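Topology and contacts: notes
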Amino acid sequence: QINDLDLRNLRRCCTSLENGDEIQACILLETDLAATDIPLYLQYIAAFTLGNLRAGWPFNDYNTALIHFNTAHTAALKIPALDRASLALAMAGECYGYLQKWDLATENLQKALDLAKQSENQLATMKCQIRLGRICRLQGKLDEARTLFEAKLPNELSNQTQIRMQ
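Below is a summary of the structure that appears in this document. Worth saying up front: this structure is predicted, and the values here are computed from it rather than measured.

**Let's talk about the pattern of salt bridges**
Here the structure, examined in full by the defined rule, presents six salt bridges. Where Arg-134 meets Glu-94, a salt bridge forms, and the shortest distance between an N and an O atom there is 3.9 Å. Here Arg-134, found in helix H7 (residues 122-138), pairs with Glu-94, found in helix H5 (residues 82-98); they are 40 residues apart in sequence, far enough to count as distant. Of the residues examined, Glu-94 reaches a relative accessible area of 18% and is grouped as buried. As a salt-bridge pair, Arg-146 and Asp-143 come within 3.1 Å of each other at their nearest N and O atoms.

**Here's the deal with the nonpolar core**
The biggest cluster of nonpolar side chains holds 32 residues, and the ones touching the most others in it are Tyr-44, Phe-48, Ala-55, Phe-69, Ala-72, Cys-95 and Cys-128. Going through the elements one at a time, helix H3 (40-55), helix H4 (62-78), H5, helix H6 (102-118), H7 and helix H8 (142-149) are the ones with two or more residues in this core. Residue contacts for Phe-69: discarding those within four places in its chain leaves Phe-48, Gly-51, Asn-52, Ala-55, Ala-88, Met-91, Ala-92 and Cys-95. Judged by nonpolar contacts, the second largest core, of twelve residues, contains Cys-13, Ala-25, Leu-29 and Ala-46.

Conventions and cut-offs
- Residues numbered from 1 in each chain as written.
- Predicted model: local features only at pLDDT ≥ 70, side-chain atom pairs only at ≥ 80, totals over all residues.
- Heavy atoms only, no water.
- Salt bridge = Lys/Arg side-chain N within 4 Å of Asp/Glu carboxyl O.
- Helix = DSSP H or I, 4+ residues; strand = E, 2+ residues; numbered from the N terminus.
- Buried < 20%, exposed > 50% of the residue type's maximum accessible area, 1.4 Å probe, protein only.
- Core = buried A, V, L, I, M, F, W, Y, C linked by side-chain atoms within 4.5 Å.
- Contact = heavy atoms within 4.5 Å.

Have a look at this one:
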């Protein structure tokens, strides 16, 4: 059903990114997000992509990225797509980490971890544990970080990781 999707400016945004024009890509995504009739799936994609663009180089604008990741989180909950909501919260937690707002980083990453577990997405769970472990380590909570880093991977995920490493 891809042909039936209303992608609005997303295709042009991708072309702008291919051409190295992050500013134009952001403008196109912001235009889509400003529309009142934007479908939830597109709101999630546009907000999540815009959050990643704003958090990355050349912008490093974590406060603006937070707004977009929170918009993506809300859209994903309404769809409902818990694994996507988890991903958006995890990215918000990363932004708070860069801003050195440790309590907010920990809170968002813990909520992201809980959503990832609830959605039974093992890869998302593992990534949230690693991100949360990094924040704990930066705060000097080494035992808590170690527990998160040493959490056992489910067998099938562990086997996939070993195959990739060989």
